[in-house]
Protein chains: 2
Amino acid sequence: MCAITLADVEVRVVVFTLWENRLQVLLRPLDSTDHWSLPGLPASREHSLEETAAECVEALTGQNEIYLEQLYTYGEPDRQPDSQLISVAYFALLAASSLSSDRIEQAQAAWHPVDQMPELVWDHAEILTYALRRLRYKLEYSAVGFELLPDTFTLSELQHTYELILGEKLDKRNFRRRILEAGIIEPTSGRRSGEGRPAQLYQYRPDAVAEVKARRLFP
Amino acid sequence: MCAITLADVEVRVVVFTLWENRLQVLLRPLDSTDHWSLPGLPASREHSLEETAAECVEALTGQNEIYLEQLYTYGEPDRQPDSQLISVAYFALLAASSLSSDRIEQAQAAWHPVDQMPELVWDHAEILTYALRRLRYKLEYSAVGFELLPDTFTLSELQHTYELILGEKLDKRNFRRRILEAGIIEPTSGRRSGEGRPAQLYQYRPDAVAEVKARRLFP
DNA sequence: CCAAAAGTGTTCTATGTACACCCATGC
DNA sequence: GCATGGGTGTACATAGAACACTTTTGG
């Protein structure tokens, strides 16, 4: 019959990134087991839940301008024995270019491909599965894909990002048409040369990012 | 720097119903102000958050088989001075037939039409606005409308429900075709007679309800 | 000149939208 | 028999899906 207080509440974050051509998730080892857990921080009285989630990602990666969205709040008795009762789960998207791995190693954290997950503690596998579902679902209607890419990118890179996350091949012409008609990215003056014909570089329109945030499908 | 514990956490529920041909929300007066608040209960160590939300609705309405879905978790410093810091918000749909108003009166609670909201405390207006947005959004792709109706209903009643919530007129033939093709309701043997030609009564297919729950767009 | 990736339009299909009349009953 | 709400089909527009070749560069 004890009341529930903030010491019973934590924030957990599912951090996605693209690395070595795979969608990966940041995990931390749990002491005294060979299981891994989603990184988290206890909730605090001074900061909002979203600020705490951002802090958690920054502490591990050094990034503080990231895409962050609340997922769901888990609160069943005994879901995390010996840890907080209530987890407010977020998911985050991190641009691959910006993985300063020093802090990650210090925290003994590591990236794991989503298709080769190690054993996770408690209900964290469930949280991860849900985060992945939401990420895929969100890609289909809101074009958050570029949050995983550096500031400028080619349309092919963007398409490969989508294909990796959705796990299926997409038609090049249809993909380009849809993305460009949505008006969320614009060409820059740059080009990327490599093998083959050089590609136009694009960036997301800052005002489009503001529009998407203003829509707030989830507040 | 005090830690946050369960005493800082509550569940709030936005309970919708149809009554007198209007979409209404259940509110409770806040002592010592002329403002109203969303009904809620403190989180507990013995029950899941969803169970607590269900309990909260049952305590006021006597109903325990209702549609319930987690909305969002609000946790900003000072968002609810003199009350819990963190609110896990749910929304609930209640069949209009089942409004036993005794308990509601005992709790001094009352139904308020969504288009004539009184002043709400703290950020509860924001929570309500979001709940309404999610309800409308959800109607468009998942046919939860019948949760607001009694066990059997006519297609016209269902359409009126949709029109009330969405705030726009719908085409009768298109509405019927879409709902029937979705396969979530089936005709019963009953008919409703009143003025005009008697109407076929429908019920939702119990297995379809199970399917929808299995899909779990939000876990 | 050839390998390698970038870039570009059109046809077809499916889905959604607009729209008007007959039907069964109670009074 | 008439007023009242219940029930039905079709033509059109729009959005999405399938599909193959030319272009530009580096080696």
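Because the structure is predicted, anything quoted here is derived from the model rather than measured.

**Student:** Can you explain the protein's contact with DNA strand D? Please cite residues and give values.
**Tutor:** Of all residues adjacent to DNA strand D, which total 20 residues, the nearest are A:Arg197, B:Lys172, B:Gly196, B:Arg197 and B:Gln200. Of what DNA strand D places within 4 Å of the protein, 38% of the atoms are sugar or phosphate. Measuring from a phosphate oxygen of DNA strand D, one finds a side-chain N or O atom of A:Arg178 at 3.5 Å. Within the side chain of B:Arg177, one N or O atom sits 3.3 Å away from a base oxygen of DNA strand D. Counting residues per element, the ones that place at least two in the surface near DNA strand D are α5 (172–182) of chain A together with α5 (172–182) and β10 (199–204) of chain B.

**Student:** So what about helix α1 (residues 49–61) of chain A? Which residues, and what values?
**Tutor:** Residues and elements named next belong to chain A. Over its 13 residues, α1 extends 19 Å from the first C-alpha to the last, a length consistent with the 18 Å expected when each residue adds 1.5 Å. Among the residues of α1, Leu49, Thr52, Ala53, Cys56, Val57, Leu60 and Thr61 are the ones counted as buried. In a view along the axis of α1, the buried residues occupy a sector of 150 degrees, so they form one face of it. Positioned one or two residues after α1, glycine 62 has a phi angle of 80 degrees, which is positive.

**Student:** Before we move on, can you summarise the packing of helix α4 (residues 155–166) of chain A against α5(A) with the specific residues and values?
**Tutor:** Residues and elements named next belong to chain A. At their nearest, the axes of α4 and α5 sit 11 Å apart, and the two run at 100 degrees to each other. It follows that α4 is roughly perpendicular to α5 by the angle criterion. Each of Leu155, Ser156, Leu158, Gln159 and Tyr162 in α4 lies in contact with α5, whose residues at this interface are Lys172, Phe175, Arg176, Ile179 and Leu180. Residue classes in the contact of α4 with α5 are distributed as six nonpolar, two polar and two charged.

**Student:** Describe the pattern of salt bridges, and please don't skip the residues or the numbers.
**Tutor:** Residue and element names in this part refer to chain A. In total, this model carries 16 salt bridges over all chains according to the counting rule given. With a closest N to O distance of 2.3 Å, glutamate 157 and arginine 192 form a salt bridge. In this pair, glutamate 157 sits in helix α4 while arginine 192 sits in strand β10 (residues 185–192), placing the two residues 35 residues apart along the sequence. Between glutamate 163 and lysine 169 there is a salt bridge, and its shortest N-O distance comes to 3.8 Å. What you see here is one network of salt bridges that share partners, running through Glu69, Arg134 and Lys138.

**Student:** I'd like a rundown of the protein's contact with DNA strand C, residues and numbers included.
**Tutor:** Close to DNA strand C lie 20 residues, the nearest being A:Ser156, A:Lys172, A:Arg173, A:Gln200 and B:Asn174. At 3.2 Å from a phosphate oxygen of DNA strand C is found a side-chain nitrogen or oxygen belonging to A:Arg176. Of all the secondary-structure elements, those providing two or more residues to the surface near DNA strand C are α5 and β11 (199–204) of chain A together with α5 of chain B.

**Student:** I'd like a description of the pairing of strand β3 (residues 22–29) of chain A, backed by residues and values.
**Tutor:** Residues and elements named next belong to chain A. Direction of pairing for strand β2 (residues 9–19) relative to β3: antiparallel, over a ladder of four bridges. Bridged to phenylalanine 16 within β3 is valine 25. Connecting β2 to the antiparallel partner β3 that follows it, the hairpin turn spans two residues, and glutamate 20 within it adopts a positive phi of roughly 50 degrees. Pairing analysis gives four bridges linking β3 to strand β8 (residues 110–113), with the strands arranged antiparallel. Note that in β8 the partner of valine 25 across the bridge is histidine 112. In this sheet, strand β4 (residues 36–37) lies alongside β3 in antiparallel orientation, the contact comprising two bridges. Looking at the pairing, proline 29 lines up with tryptophan 36 of β4. Counted between consecutive antiparallel strands, the loop separating β3 from β4 contains six residues, among which serine 32 sits at a positive phi close to 65 degrees.

What counts, and at which threshold
- Residues numbered from 1 in each chain as written.
- Chains lettered and ligands numbered in written order.
- Predicted model: local features only at pLDDT ≥ 70, side-chain atom pairs only at ≥ 80, totals over all residues.
- Heavy atoms only, no water.
- Near = heavy atom within 4 Å.
- Polar contact = N/O pair within 3.5 Å; in protein donor to acceptor, adjacent residues only side chain to side chain.
- Helix = DSSP H or I, 4+ residues; strand = E, 2+ residues; numbered from the N terminus.
- Expected span 1.5 Å × (residues − 1).
- Buried < 20%, exposed > 50% of the residue type's maximum accessible area, 1.4 Å probe, protein only.
- Arc of directions from axis to C-beta.
- Axes fitted to C-alpha atoms, helices over the stretch in contact; angles between N-to-C directions.
- Parallel < 35°, antiparallel > 145°, perpendicular 65-115°, else oblique.
- Contact = heavy atoms within 4.5 Å.
- Nonpolar A, V, L, I, M, F, W, Y, C, P; charged D, E, K, R; others polar.
- Salt bridge = Lys/Arg side-chain N within 4 Å of Asp/Glu carboxyl O.
- Pairing = 2+ DSSP bridges.

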